[in-house]
Amino acid sequence: ETEDLERRFQRTVDAEQRIEPRDWMPEAYRRTLVRQIAQHAHSEIIGMQPEGNWITRAPSLRRKAILLAKVQDEAGHGLYLYAAAETLGVDREDLTRKLVEGRQKYSSIFNYPTLTFADVGVIGWLVDGAAICNQVPLCRTSYGPYARAMIRICKEESFHQRQGYELLMTMMRGTPEQRAMVQDAVDRWWWPALMMFGPPDEASTNTERSMRWRIKRHTNDELRQKFVDMTVPQAEKLGVTLPDPELRWNPERGHHDFGQPDWDEFWRVVKGDGPCNARRLAHRRRAHEEGAWVREAAAAHARKRAATGRP
Ligand code: ACO
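The structure contained in this document is the topic of the report that follows. (Residues numbered from 1 in each chain as written. Predicted model: local features only at pLDDT ≥ 70, side-chain atom pairs only at ≥ 80, totals over all residues. Heavy atoms only, no water.)

Observations concerning helix α10 (residues 220–238)
Structurally, the α-helix is built with 3.6 residues per turn, so residues lying three or four positions apart point the same way. Its 19 residues give α10 an end-to-end C-alpha distance of 26 Å, which sits within 8% of 27 Å, the value for a rise of 1.5 Å per residue. Where α10 bends most, the angle comes to about 25 degrees, and this point is T231, followed within four residues by the proline P233. Of all the residues in α10, the buried ones are N220, L223, R224, Q225, F227, V228, D229, T231, V232, A235 and L238. Where α10 is buried, its residues meet α6 (118–135), α7 (144–172), α8 (176–195), α9 (207–212), β2 (255–257) and α11 (263–270). At the C-terminal side of α10, G239 shows a positive phi close to 90 degrees. (Helix = DSSP H or I, 4+ residues; strand = E, 2+ residues; numbered from the N terminus. Expected span 1.5 Å × (residues − 1). Bend = angle between axes of the 7 residues up to and from the residue. Buried < 20%, exposed > 50% of the residue type's maximum accessible area, 1.4 Å probe, protein only. Contact = heavy atoms within 4.5 Å.)

What to know about the packing of aromatic side chains
Counting across every chain of the model gives ten aromatic pairs. The interplanar angle of 80 degrees and the centroid separation of 6.3 Å between the aromatic rings of F9 and W24 together place this pair among those described as edge-to-face. In this pair, F9 sits in helix α1 (residues 2–14) while W24 sits in the loop between α1 and α2 (27–46), placing the two residues 15 residues apart along the sequence. On the basis of relative accessible area, W24 is assigned to the partly exposed category, the value being 33%. Between F9 and Y29, the ring centres sit 4.8 Å apart and the planes meet at 75 degrees, which makes this aromatic pair edge-to-face. In this pair, F9 sits in helix α1 while Y29 sits in helix α2, placing the two residues 20 residues apart along the sequence. Exposure remark for F9: the relative accessible area of 4% places this residue in the buried category. (Phe/Tyr/Trp six-rings, centres within 6.5 Å; stacked < 30°, edge-to-face > 60°.)

With respect to the pattern of salt bridges
Side chains that differ in sign of charge can pair as their charged atoms come close. Summed over the entire model, instances satisfying the criterion amount to 21 salt bridges. Between R30 and E27 there is a salt bridge; the shortest N-O distance is 3.2 Å. Of this pair, R30 and E27 both sit in helix α2, separated by three residues, roughly a single helical turn. Of the charged contacts, one joins D119 and R188 as a salt bridge, the two residues approaching to 2.8 Å between their closest N and O atoms. One end of the pair, D119, is in helix α6; the other, R188, is in helix α8, with 69 residues separating them in the sequence. For D119, a relative accessible area of 0% corresponds to the buried category. Each of D14, E16, R18, R214 and R217 takes part in salt bridges that share partners, so that together they form one network. (Salt bridge = Lys/Arg side-chain N within 4 Å of Asp/Glu carboxyl O.)

Right under this line is the structure:
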């Protein structure tokens, strides 16, 4: 009977129809989705920190308003994604506990420091650019609630990417020092941005199964290539150099050839030993503890409302 259910499940997926929360699904499909969606949600929430670092020091009121709005959007993305994960029978409280105890991952990229205001622009351009490249196909992922959450997230991410590029364009029209700041930030973020797509396909343990289930629609290497091809002309227009001596157009392949990121560094960062891992988790843990009274007050308020029958 399970075999029958599995066959029907795969037929639904192959027909490009969505799986919904009440549909039968293989337990491993559910677990894979919880893992990926939780990691994704945690990345949005932890991702508020590197840029949040610059809110109090933004160079103008306008830049501060933009940055505040952007960081708030990331919080919203985290919340839609936790809500999508909850449709799979897990609890946000429990996912948060796993994050702060270091038992669930978040994206490697957010373990790097933001040293100058140019980093805000480069994060918008490269990090959000990579996120879009990875996430637009997820609007067609097989699990309905995840796919629907991704539609709005992608619209907001594309606004974030443009604000980053616009910030960099402005700095590139500025002083030689400002141009040097942009180049320095590009040099530091380029390789970590390429790592966001995950390990090379041959080292990616989840890709094959996630592709069969149409959770993932492209492999890690396919998306990395797409990102490089998309970014090279943008770098030229901006007037910065991407720090890869092997980067060149390959007319036979119709794609750019490029060098490999330092995969040892990637695994070190994923395993908790990056430049900012400890600081990011400590900050998240503290925010969670300091927010306990808000959660308690909200729950008490909800109970009182329910008891008096008022909406
Ligand atoms: N940072 C941290 N861990 C990573 C990263 C990364 N950049 N890339 C891969 N990993 C982990 C995987 O989670 C997996 O570990 P696990 O099995 O313990 O969970 C392991 O490395 C092997 O990788 P894959 O088998 O390739 O993992 P997967 O099939 O899940 O692919 C990917 C990774 C591409 C990141 C996928 O999960 C995905 O598309 N996620 C949704 C997008 C996302 O999370 N974006 C977050 C950053 S963007 C942003 O928030 C602005």
